[in-house]
Amino acid sequence: MKKTLLSLGLLAGLLGPAAPAARAWGVVGHRVITQVAVYELPTAMQAFYFRHLPELARLSTAPDERRGQDPQEGSRHFIRLDHYSEDNPFAKIPRTYDEAVEKFSADTLQKYGTLPWAVLDAKQQLVAAFRARDTVAIILRSAELSHYAADAFVPLHTTVNYDGQLTGQTGLLALWENQLPERFLKDYKLDGEESKVLKDPLAAIWLVLQNSYGFLTSTYDLEAKTSKGLKAQTKYTFSHRFGRTQRRYSDAFADAYEKEVGGMVAFRLKGASPLVASLWLTAWQEAGRPDLAQLLVPPKLSKEEKDHLTTQLKAWKANTLYQDQLLLALQKEKKSVDADEIKAAEGEAAPPPPPELVAPAAPKQKAPLTPAATAPPAKAKAKTKGPEGTNKQKATDFTW
Ligand SMILES: [Zn+2]
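Predicted model, so just to flag it, every value in this text is computed and none were measured.

1. Comments concerning the overall build of the chain
Here is step 1 of the chain: When helices and strands are tallied, the chain shows 18 helices and two strands.
Here is step 2 of the chain: For the chain, the residues scored as buried account for 43% of the 400 residues in total.
Here is step 3 of the chain: Considering only contacts within the chain whose residues lie at least 6 apart along the sequence, 81% involve residues at least 24 apart.

2. Describing the nonpolar core
Here is step 1 of the chain: Val 119, Leu 145, Ala 149, Val 276 and Trp 280 are the most contacted members of the largest nonpolar core, which totals 89 residues.
Here is step 2 of the chain: Ignoring sequence-local partners within four residues, the contact set of Val 119 consists of Leu 145, Tyr 148, Ala 149, Ala 152 and Ile 205.

3. Thoughts on the confidence of the model for the chain
Here is step 1 of the chain: In this model, the chain carries an average pLDDT of 82, and 77% of its residues clear a pLDDT of 70 or more.
Here is step 2 of the chain: The model gives residues 1-22 a pLDDT under 50, and that stretch makes 28 contacts with residues more than four places away or in other chains.
Here is step 3 of the chain: Counting contacts from residues 335-400, a segment whose pLDDT is below 50, to residues more than four positions away or on other chains yields 127 contacts.

4. Examining the packing of helix 9 (residues 115-131) against helix 16 (residues 264-286)
Here is step 1 of the chain: As a packed pair, helix 9 and helix 16 sit with axes 8 Å apart at the nearest point and diverge in direction by 45°. Relative to helix 16, the element helix 9 lies oblique. Here the hand of the crossing between helix 9 and helix 16 comes out right-handed. Counted together, Lys 123, Leu 126, Val 127 and Phe 130 of helix 9 and Leu 279, Thr 282, Ala 283, Trp 284 and Glu 286 of helix 16 form the full contact between these two elements.

5. Some thoughts on the environment of Leu 53
Here is step 1 of the chain: Mapped onto the elements of the fold, Leu 53 is located in helix 4 (residues 53-59).
Here is step 2 of the chain: Placed 275 residues apart in sequence, Leu 53 and Leu 328 show a C-alpha to C-alpha distance of 8.8 Å.
Here is step 3 of the chain: Contact partners of Leu 53, with chain neighbours within four places excluded, come to Gln 35, Val 38 and Leu 328.

6. Quick notes on the packing of helix 2 (residues 26-39) against helix 11 (residues 172-184)
Here is step 1 of the chain: Contact geometry for helix 2 and helix 11: axes closest at 7 Å, N-to-C directions at 70°. By the angle between their directions, the pair helix 2 and helix 11 is classed as roughly perpendicular. Viewed along their axes, helix 2 and helix 11 form a crossing whose handedness is left-handed. Facing Gly 26, Val 28 and Gly 29 of helix 2, the residues of helix 11 in contact are Glu 177, Asn 178, Pro 181 and Glu 182.
Here is step 2 of the chain: Residue classes in the contact of helix 2 with helix 11 are distributed as two nonpolar, three polar and two charged.

7. A look at the pairing of strand 1 (residues 236-241)
Here is step 1 of the chain: Of all the six residues making up strand 1, zero are buried; the element is thus mostly uncovered.
Here is step 2 of the chain: Across six bridges, the pairing between strand 1 and strand 2 (residues 244-249) is antiparallel. Bridging across to strand 2, Thr 237 finds its partner in Arg 248.
Here is step 3 of the chain: With antiparallel pairing between neighbouring strands as the criterion, strand 1 and strand 2 make up a hairpin whose turn holds two residues, including Phe 242 at a positive phi of roughly 50°.

8. Comments concerning the environment of Lys 199
Here is step 1 of the chain: With respect to the helices, strands and loops of the structure, Lys 199 is situated in the loop between helix 11 and helix 12 (201-214).
Here is step 2 of the chain: It is 8.3 Å that separates the C-alpha atoms of Lys 199 and Thr 282, two residues lying 83 residues apart in sequence.

9. Section: helix 2
Here is step 1 of the chain: In this model helix 2 runs 21 Å from its N-terminal to its C-terminal C-alpha over 14 residues, within 8% of the 20 Å that 1.5 Å per residue would give.
Here is step 2 of the chain: Most of helix 2 sits inside the fold, with 14 of its 14 residues counted as buried.

10. Quick look at unusual backbone geometry
Here is step 1 of the chain: In the segment running from Val 297 into Pro 298, the intervening peptide bond is cis, with an omega of -5°.
Here is step 2 of the chain: Inspection of the secondary structure puts Pro 298 in the loop between helix 16 and helix 17 (303-317).
Here is step 3 of the chain: A positive phi is found at Asn 319, a non-glycine position, where the angle reads about 60°.
Here is step 4 of the chain: Looking at the element boundaries, Asn 319 is found in the loop between helix 17 and helix 18 (355-358).
Here is step 5 of the chain: Overall, Asn 319 belongs to the partly exposed group, with 17 C-beta atoms counted inside 10 Å.
Here is step 6 of the chain: Phi at Gln 325 takes a positive value of approximately 60°, unusual for a residue other than glycine.
Here is step 7 of the chain: Among the structural elements, Gln 325 can be located in the loop between helix 17 and helix 18.

11. Overview of helix 13 (residues 216-227)
Here is step 1 of the chain: Across its 12 residues, helix 13 extends 17 Å between first and last C-alpha, which sits within 8% of the 16 Å expected from 1.5 Å per residue.
Here is step 2 of the chain: The secondary structure elements touched by the buried residues of helix 13 are helix 11, helix 12 and helix 15 (251-261).
Here is step 3 of the chain: Immediately downstream of helix 13, the backbone of Gly 229 shows phi near 80°, a positive value.

12. Structural notes on the environment of Trp 284
Here is step 1 of the chain: As for its placement among the helices and strands, Trp 284 is situated in helix 16.
Here is step 2 of the chain: For Trp 284, a count of 24 C-beta atoms within 10 Å corresponds to the buried category.
Here is step 3 of the chain: For the pair Trp 284 and Ile 138, spaced 146 residues apart in the sequence, the C-alpha separation amounts to 9.8 Å.

Quick notes on the rules
- Residues numbered from 1 in each chain as written.
- Predicted model: local features only at pLDDT ≥ 70, side-chain atom pairs only at ≥ 80, totals over all residues.
- Helix = DSSP H or I, 4+ residues; strand = E, 2+ residues; numbered from the N terminus.
- Buried ≥ 20, exposed ≤ 12 C-beta atoms within 10 Å, placed from the backbone.
- Contact = placed C-beta atoms within 7 Å.
- Core = buried A, V, L, I, M, F, W, Y, C linked by C-beta atoms within 7 Å.
- pLDDT = per-residue confidence, 0-100.
- Axes fitted to C-alpha atoms, helices over the stretch in contact; angles between N-to-C directions.
- Parallel < 35°, antiparallel > 145°, perpendicular 65-115°, else oblique.
- Left-handed = near helix turned anticlockwise from the far one by under 90°.
- Nonpolar A, V, L, I, M, F, W, Y, C, P; charged D, E, K, R; others polar.
- Pairing = 2+ DSSP bridges.
- Expected span 1.5 Å × (residues − 1).

Listed below in structure tokens is the structure:
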């Protein structure tokens, strides 16, 4: 019986949502990105964010969870750039929401996605929360901002062919954003840059989208390359749920595809945390750098909390967060800690599934780390011309 439950749970986790509902990163990705972003904050912000890390990580998936209830929510998670122009949408779409509405209408933007402006909105709401010194709102808005900013790093969230459904590659989204991170997180290098104040947050978001769009060609082409010569029985895993047959890419296919994309997913996931931390920092700066210690009760981290933070920062820098079992996304929630100090956390997000349903148990010994995870994959070249009509923009070139 237990085995049945376990495999059903595992299945649910791996199958992800029904194909047409695009949800970036999944629970593991969003929570890891949010956790790592806390390590990248300046000291003046870090204690506050570290104290609230469990709520932040949990709430970072709330925007996906409310998509079923709020019809306006879905379009905040993507922007289907190639609807506007396949070759160079960046030359066609105005950067600001008001200009884009004037050119294309609010309905069109709603239909094809409002991701860049959702990030900016969330940032503005965080500025207001900081100004109001409202702890609950700061946590909520920071988690939302993390979610939308992280979504911008998923190439398939920038296209009308978001699940490979137009090219006979249906299921590609769940493969890319759920299956690959869950299978290979142990190899990802998560150490990263420190946050910095963004002079132009909207420009930073558009640059991320441009880079994401540039990865699309290889996302599809390498799926086709991996598929060559494979029979459907090898390529896919079939399951039956609620009277329906569902299909997902097999683990063997996921492993072969990961080799082909050469660290692309790791690179995009790792890139998200510095932007998230920088957006938090920018909002705090815009709000006049309020003293966050005044919002902490007690106002300082305890010795135990400080020790935990030190341990985690060390593990983050040494790329052993996974091996040291410090990633919250892979831990069972501790009920005692989760007697939510902030009420807004209640009912916002379902607890994450137990780690055995999400990822293999963390090995005791250090796993070899993939060098490719630190650099953009050589095989994944940008296809898209930038706004200046050049494709020389490197995927690593985040000039915030
Ligand atoms: Zn999302």
